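Now for the letters of each chain:
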Amino acid sequence: CKVDDGKKRLQKELLALQNDPPPGMTLNEKSVQNTITQWIVDMEGASGTLYEGEKFQLLFKFSSRYPFDSPQVMFTGDNIPIHPHVYSNGHICLSILTEDWSPALSVQSVCLSIISMLSSCKEKRRPPDNSFYVRTCNKNPKKTKWWYHDDTC
């Protein structure tokens, strides 16, 4: 019964993303043709920001425990944004993706948080521990024990 509820919730969120996507975001329709548990969202950097005109892709993976379990979210593809909270392998250090996740949050709210994180950035640079982290981390960013340094960019 709970699995069905999770699938219903995903279908509802998928429709919301298709019909009313956050600014600069579009669901990659091909990514959901065969599965509802893995989505790619195409993203364009907001105008007036350091990322204006740049194109990125976000990969969302949902477990059978969604929405009680947060989705796995990371940047994917050829262009990973250079940002103090984004590692060169696409992993994103953002508390709502792990310890601050709540079932009240949604794909829309995650997308808006990522847009906000990129838009407020003042300097394009990688996290200070990028090379060590990328060499030693798990493929799943949710398995990382994140230490949130700050709330700024």
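Refer to the structure above for everything that follows.
Residues numbered from 1 in each chain as written. Predicted model: local features only at pLDDT ≥ 70, side-chain atom pairs only at ≥ 80, totals over all residues. Heavy atoms only, no water.

Draft legend 1. Quick peek at the overall build of the protein chain. For the protein chain, the helix and strand inventory stands at three helices and four strands. Along the protein chain, helices (α) and strands (β) appear in the sequence α-β-β-β-β-α-α when read from the amino end. Against the 2.2 N^0.38 benchmark of 15 Å for 153 residues, the protein chain shows a C-alpha radius of gyration of 15 Å, consistent with a compact globule. For the protein chain, the C-alpha atoms occupy an extent of roughly 45 × 35 × 25 Å along the three principal directions. The burial tally for the protein chain puts 42% of its 153 residues in the buried class. Pairs at least 24 apart in sequence give 59% of the contacts found in the protein chain among residues at least 6 apart. (Helix = DSSP H or I, 4+ residues; strand = E, 2+ residues; numbered from the N terminus. Rg over C-alpha atoms; globule rule 2.2 N^0.38 Å. Buried < 20%, exposed > 50% of the residue type's maximum accessible area, 1.4 Å probe, protein only. Contact = heavy atoms within 4.5 Å.)

Draft legend 2. Broad picture of empty space enclosed by the protein. Tallied over the full model, the rule gives two cavities of 30 Å³ or more. In this structure, the second largest cavity spans a volume of roughly 40 Å³. Considering the residues around the second largest cavity, the lining is formed by Met 43, Glu 44, Gly 45, Ala 46, Thr 49, Tyr 51, Ile 115, Leu 118 and Ser 119. Those elements that provide at least two residues to the lining of the second largest cavity are strand 2 (38-44) and helix 2 (107-119). Looking at the lining of the second largest cavity element by element, the count peaks at three residues for helix 2. (1 Å grid on protein atoms, 1.4 Å probe; cavity = no way out; pocket = protein on both sides within 12 Å on 5 of 7 lines; lining within 4 Å. Points joined across faces, edges and corners; volume = space filled by probe spheres on them.)

Draft legend 3. Here's a closer look at the side chain of His 91. One can find His 91 in the loop between strand 4 (72-76) and helix 2. Of the polar contacts made by the side chain of His 91, one reaches the backbone oxygen of Lys 139; its length is 3.2 Å. (Polar contact = N/O pair within 3.5 Å; in protein donor to acceptor, adjacent residues only side chain to side chain.)

Draft legend 4. Up close: the environment of Arg 9. Turning to its location among the elements, Arg 9 is positioned in helix 1 (residues 2-19). Judged by its relative accessible area of 21%, Arg 9 falls in the partly exposed class. In the structure, Arg 9 is positioned 85 residues away from Leu 94 in sequence and 23 Å away in space, judged by C-alpha atoms. In this structure the side chain of Arg 9 is engaged in a polar contact, spanning 2.9 Å, whose partner is the backbone oxygen of Pro 103.

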